[in-house]
Amino acid sequence: MFHSFFPRPKLFFTTAAIWAAIVVAVWYAGGYNLGSLIGLPPDAPGAEPIIGFTVFLSPPFLWFYIYFTIAVALFYGFWNFYSPHPWQRWSILGSALILFIVYFQVQVSVAVNNWYGPFWDYVQGIMSKQTTSTVENFYEQVGSFAWLALLGMNVSVLNAFFVSHWIFRWRNAMNDYYMEHWPKLRHIEGASQRVQEDTMRFSQIMEGLGVAFIDSIMTLIAFMPVLVRLSANITELPIVGAIPHPLVSAAIFWSIFGTVCLIIAGYRLPGLQFRNQRVEAAYRKELVYGEDHADRAQPATVRELFDRVRTNYFTLYFHYVYFNVVRYSYLQANGIFSLLILGPSMVAGSVSLGAFNQISSAFGQVSSSFQFLVNSWSTIVELISVHKRLRAFEAAIYDEPLPDIDQHYLEREAVGGELEADRPT
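Residues numbered from 1 in each chain as written. Predicted model: local features only at pLDDT ≥ 70, side-chain atom pairs only at ≥ 80, totals over all residues. Heavy atoms only, no water.

Going by what an unreviewed UniProt entry lists, the chain is known as Peptide antibiotic transporter SbmA and is assigned to Neorhizobium turbinariae. Regarding the chain, the UniProt comment filed under Subcellular location (unreviewed entry) reads as follows: "Cell membrane". (UniProt positions renumbered as here; feature names shortened; annotations may be inferred.)

Written as structure tokens, this is what we have:
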């Protein structure tokens with residue numbers, strides 16, 4: 001899965017994580033000031049944020065673009081020299097481009113959040129008759145948001161287009177890799193399905209799940225300082241009282257609580273999904289044999305194979321009942337959690353309408369990032385099951401022992417029947 005697309009995957013991902021940490025650390029340790037050397041200084045301390053899409057053309061952003069490009073070029077140059085790979089342009093430069101676009105999308109969300117405060121304070125002033133305004137001024141304020149929304153929408157569309165191509169290249173690399181080793185793989189149960197369907201499913205899941213994970217990390221990096229700054233408007237939390245950075249603490253607590261609940265409720269699902277793919281593959285393969293051999297796909301055999309399919313599905317449905325009860329109960333409660341923690345400050349009148357909207361937006365962004373596992377658990381379960389099938393598949397390439405369940409299928413094919421160990425439990 002990974003050798004086909006990335007150069008020396010374990011070392012590659014280790015060095016990528018280390019290099020990313022170094023680049024981020026250097027940036028926050030003063031690297032953002034280095035732009036001053038080429039006429040791109042950072043914003044002055046305490047300066048009000050620029051409202052509107054022009055923030056992305058400001059000197060700090062222009063310097064960040066250059067800094068990011070230099071960091072990627074150095075990393076790519078190292079791997080191009082140390083361990084060249086036929087797919088490295090897509091796996092390294094393509095991945096870097098996706099990281100940059102996702103970061104840019106998150107910054108659009110930050111710009112929208114910065115727009116919320118002044119706009120809703122402006123609306124509150126108009127409605128309370130404390131601010132005079134013209135229709136032109138109002139539309140100008142709305143237009144500022146429209147440009148941000150238009151920018152974010154177009155970047156999102158272009159990102160989806162590029163990610164789709166990037167993921168298909170990964171599938172292309174896996175397909176080429178497996179076909180090079182086809183003589184070793186063709187005897188594995190469902191070999192054709194694993195090459196055609198499982199690689200497709202793996203790439204499709206990675207497309208959505210991978211981008212969502214990167215987006216969560218980028219959102220945390222971008223919005224955590226915003227939430228720390230906005231915590232100055234919150235005096236205390238219900239029950240807990242006054243604590244440092246109350247909004248950040250509340251977001252972390254609530255997200256960890258939901259993640260733990262979902263992991264406990266769904267810990268059996270990966271194994272059931274994995275077995276579900278097994279029984280489906282066995283049933284389908286027997287039917288395929290029945291197309292060419294009259295002695296295969298006999299009613300008794302097919303009935304028993306389908307009974308295994310039915311039993312596994314019914315077990316899966318049962319476990320998804322309580323999992324979904326926990327999941328959707330948490331997501332429903334999540335909708336009102338921010339109102340609960342903002343209650344005391346709202347009643348005390350310590351937050352304006354603009355600050356309330358900014359806090360609600362930033363809190364939602366940060367808590368959603370921490371809730372990545374909660375929102376993606378069902379998809380993660382499916383990815384784990386597909387990964388298990390492909391990893392077992394690859395064991396034949398490296399002459400490693402096959403998992404027990406694969407050995408059972410091979411033994412069954414050898415004797416032309418079903419082993420006792422292959423029966424459902």
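Moving on, there is more to tell.
(A) Up close: the overall build of the chain. Counting its regular elements, the chain contains 12 helices and 0 strands. Listed by position from the N terminus, the elements making up the chain come as α-α-α-α-α-α-α-α-α-α-α-α. Each of the 425 residues in the chain was classed as buried or not, and the buried ones make up 42%. Once local pairs closer than 6 in sequence are excluded, the contacts in the chain between residues at least 24 apart make up 79%. Of the roughly 22,400 Å² of accessible surface on the chain, 66% is carried by carbon and sulfur atoms. Charge separation in the chain, taken as the distance between the mean sites of 26 positive and 31 negative side-chain charges, equals 4 Å. (Helix = DSSP H or I, 4+ residues; strand = E, 2+ residues; numbered from the N terminus. Buried < 20%, exposed > 50% of the residue type's maximum accessible area, 1.4 Å probe, protein only. Contact = heavy atoms within 4.5 Å. Areas by Shrake-Rupley, 256 points an atom, 1.4 Å probe, with all protein chains shown as cover. Lys, Arg positive; Asp, Glu negative; His and termini not counted. Charge placed at Lys NZ, Arg CZ, Asp CG, Glu CD.)

(B) Examining the packing of aromatic side chains more closely. In the structure shown here, the tally under the stated rule is 46 aromatic pairs. The interplanar angle of 90 degrees and the centroid separation of 6.2 Å between the aromatic rings of Phe2 and Phe202 together place this pair among those described as edge-to-face. Here Phe202 lies in helix H6 (residues 191-230) and Phe2 lies in the segment before helix H1 (9-28), a separation of 200 residues in the sequence. Judged by relative accessible area, Phe2 falls into the partly exposed class, the value being 27%. Judged by its relative accessible area of 2%, Phe202 is buried. Measuring from ring centre to ring centre gives 4.7 Å for Phe56 and Phe104, while their planes differ by 40 degrees; the resulting arrangement is tilted. Placement of Phe56 in the loop between H1 and helix H2 (59-82) and of Phe104 in helix H3 (residues 88-127) is noted, with a sequence separation of 48 residues between them. When its relative accessible area of 4% is taken as the criterion, Phe56 is described as buried. Among the residues examined, Phe104 registers a relative accessible area of 13% and is labelled buried. (Phe/Tyr/Trp six-rings, centres within 6.5 Å; stacked < 30°, edge-to-face > 60°.)

(C) Examining the packing of H6 against helix H10 (residues 353-370) more closely. Following both chains from N to C, one finds H6 and H10 inclined at 140 degrees, their axes separated by 9 Å at the closest point. In terms of orientation, H6 lies oblique with respect to H10. Considering only the axes of H6 and H10, their crossing is left-handed. Facing Ser216, Thr219, Leu220, Phe223, Met224, Val226, Leu227 and Leu230 of H6, the residues of H10 in contact are Gln358, Ile359, Ala362, Phe363, Gln365, Val366, Ser369 and Phe370. (Axes fitted to C-alpha atoms, helices over the stretch in contact; angles between N-to-C directions. Parallel < 35°, antiparallel > 145°, perpendicular 65-115°, else oblique. Left-handed = near helix turned anticlockwise from the far one by under 90°.)

(D) Up close: the environment of Ile214. You can see Ile214 is positioned in helix H6. A relative accessible area of 22% means that Ile214 is categorised as partly exposed. With 136 residues separating them along the chain, Ile214 and Ser350 place their C-alpha atoms 35 Å apart. Residues within four places of Ile214 in sequence aside, it is in contact with Leu99 and Val102.

(E) Seen up close, the nonpolar core. Counting 90 residues, the largest nonpolar core has Phe56, Tyr178 and Leu247 as its most contacted members. The element best represented in this core is H6, accounting for 13 residues. With near-sequence residues (within four places) excluded, Phe56 lies in contact with Phe61, Tyr65, Phe104, Gln107, Val108, Ala111, Leu148 and Leu151. (Core = buried A, V, L, I, M, F, W, Y, C linked by side-chain atoms within 4.5 Å.)

(F) Spotlight on the side chain of Asn113. Relative to the elements of secondary structure, Asn113 occurs in helix H3. Other than its neighbours up to four places away in sequence, Asn113 contacts Phe223, Val226, Leu230, Gln358, Ser361 and Ala362.

(G) Fine view of H10. For H10, with 18 residues, the first-to-last C-alpha span of 26 Å sits near the 26 Å given by 1.5 Å per residue. Burial in H10 covers these residues: Gly354, Ala355, Phe356, Gln358, Ile359, Ser361, Ala362, Phe363, Val366, Ser367 and Ser369. (Expected span 1.5 Å × (residues − 1).)

(H) Expanded view of H1. Helix length check: H1, at 20 residues, gives a terminal C-alpha distance of 28 Å against a target of 28 Å (1.5 Å per residue), a fit within 8%. Along H1, the positions that sit buried rather than exposed are Pro9, Phe12, Val23 and Trp27. Projected down its long axis, H1 shows its buried positions confined to an angular sector of 60 degrees, all on one face. Exposed positions of H1 whose direction lies more than 90 degrees from the buried face are Lys10 and Tyr28. Against the buried residues of H1 lie H2 and H3. Where H1 terminates, the next one or two residues include Gly30, which has phi positive at roughly 140 degrees. (Arc of directions from axis to C-beta.)

(I) Region of the structure containing the UniProt feature "transmembrane region" (unreviewed entry) in the chain. According to UniProt, the feature "transmembrane region" (unreviewed entry) maps to residues 12-30, 50-78, 90-112, 145-168, 209-228, 248-269 and 336-356 in the numbering used here. Here residues 209-228 is 100% helix and 0% strand, with 28 Å between the C-alpha atoms at its ends. A helix fraction of 91% and a strand fraction of 0% characterise residues 248-269, whose end C-alpha atoms lie 31 Å from each other.

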